[in-house]
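Per-entry structural report
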Amino acid sequence: MGAPNQQEAQGTWERGTVTVQQTRRQILTGAQTLTVAQSGALCLFNAATGYTFTLPAVSANDVGTWFEFLVTVTNTATADKIISDAATTYLKGEVHTFVDATTPSAAAGPKGFSFDGTTHIACIMGGADTTKGGVAGSRVRLEAISTTQWMITGNIVGAGTIVTPASTT
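Thresholds applied
Residues numbered from 1 in each chain as written. Predicted model: local features only at pLDDT ≥ 70, side-chain atom pairs only at ≥ 80, totals over all residues. Heavy atoms only, no water. Pairing = 2+ DSSP bridges. Helix = DSSP H or I, 4+ residues; strand = E, 2+ residues; numbered from the N terminus. Core = buried A, V, L, I, M, F, W, Y, C linked by side-chain atoms within 4.5 Å. Buried < 20%, exposed > 50% of the residue type's maximum accessible area, 1.4 Å probe, protein only. Contact = heavy atoms within 4.5 Å. Lys, Arg positive; Asp, Glu negative; His and termini not counted. Salt bridge = Lys/Arg side-chain N within 4 Å of Asp/Glu carboxyl O. Polar contact = N/O pair within 3.5 Å; in protein donor to acceptor, adjacent residues only side chain to side chain. Axes fitted to C-alpha atoms, helices over the stretch in contact; angles between N-to-C directions.

1. Quick word on the pairing of strand β9 (residues 90-99)
The two faces of the sheet receive side chains in turn, since in a regular strand these alternate between them. Here β9 pairs with strand β13 (residues 149-158) via 10 bridges, running parallel. Residue pairing across strands places V99 opposite G158, the latter belonging to β13. Taken together, the six bridges between β9 and strand β10 (residues 111-116) define a ladder with antiparallel strand orientation. Residue pairing across strands places K92 opposite D116, the latter belonging to β10.

Okay, here's the thing in structure tokens:
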């Protein structure tokens, strides 16, 4: 018999046996344009002043690239924003928005908001107006499902009478 086949890719693969090495996710903070090489990173909105994460352009080989976004500090200034790389790359899917337990209202939710995959290019949360979310605990995931669409899912925490975080700009 020949030597076992081995391949390095988040672990060691051997014939008949799989050994996976535990690795930590990359943590990203601050305004930046993400890259395909950073796929799987946890992107933190960790400041009261919001900033923007721009998704990378993806090729057919990059479909499956994904990022997770977590709000760790409630935003009270400019909005937290996740935006596609181009006006022709869209977000598709749905997020559920809930009201922070400290600010109940008659229209508290939860509510589901759709991103249509044909006009929405950004998810905007918080800022001085937390009706779009941006409260600590908000978490969304985006995964490239084609070269022109990202699937968005998640739970967003807002305050007051909540409105859609889906944006065309």
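Don't stop here, the text continues.
2. Re the nonpolar core
Core analysis: the biggest nonpolar cluster contains 26 residues, and L55, F69 and L142 have the highest contact counts within it. Taken together, the elements giving at least two residues each to this core come down to β5 (42-45), β7 (66-71), β9, β10, β11 (122-125), β12 (139-144) and β13. When neighbours within four sequence positions are excluded, L142 is seen to be in contact with L55, T65, W66, F67, F69, I82, L91, W150, M151 and I152.

3. Structural notes on the sheet that holds strand β8 (residues 80-83)
Read across the open sheet, the five strands follow the order β4-β6-β8-β11-β14; overall the sheet is mixed. Each edge of the sheet is formed by a strand with only one pairing partner; in this case those strands are β4 (32-33) and β14 (166-167). Both β11 and β14 contribute to a ladder of two bridges, which runs antiparallel. Among the inter-strand pairings, C123 is bridged to a residue of β14, identified as A166.

4. Details of the side chain of D80
Following the sequence through the fold, D80 ends up in strand β8. Within the buried core, D80 has no salt-bridge partner, and the shortest N-O distance to an opposite charge, that of K81, equals 12 Å. Within the structure, the side chain of D80 is placed 2.9 Å from the side chain of N75, a separation counted as a polar contact. Beyond its immediate stretch of four places on either side in the chain, D80 contacts F45, G50, Y51, V71, N75, C123, I124, M125 and G134.

5. Remarks on the sheet that holds β10
Taking strand neighbours across the sheet as the criterion, the seven strands line up as β3-β5-β7-β12-β13-β9-β10 in an open arrangement whose pairing is mixed. Taken across any chain shown, the strands that pair with only one partner, and hence form the sheet edges, are β3 (27-29) and β10. Neighbour-to-neighbour, the strand axes of the sheet open up by a mean angle of 15 degrees, direction not taken into account. In this structure, β5 lies alongside β7, joined through four bridges in parallel fashion. Residue pairing across strands places F45 opposite V71, the latter belonging to β7.

6. Examining the pattern of salt bridges
Once their charged atoms are close, side chains differing in charge can pair, the charge on each being opposite to the other. Inspection of every chain in the model, using the stated rule, returns three salt bridges. With its nearest N and O atoms 2.9 Å apart, the salt bridge here joins R25 to E68. With a gap of 43 residues between them, R25 in the loop between β2 (17-19) and β3 and E68 in strand β7 connect regions that are remote in the sequence. Note on R25: relative accessible area 35%, which makes it partly exposed. Taking the relative accessible area as the measure of exposure, E68 reaches 14% and is therefore buried. The partner of R141 in a salt bridge is E143, with the nearest N and O atoms 3.2 Å apart. Judged by relative accessible area, E143 falls into the partly exposed class, the value being 30%. Linked by salt bridges that have partners in common, R25, E68 and R139 make up one network.

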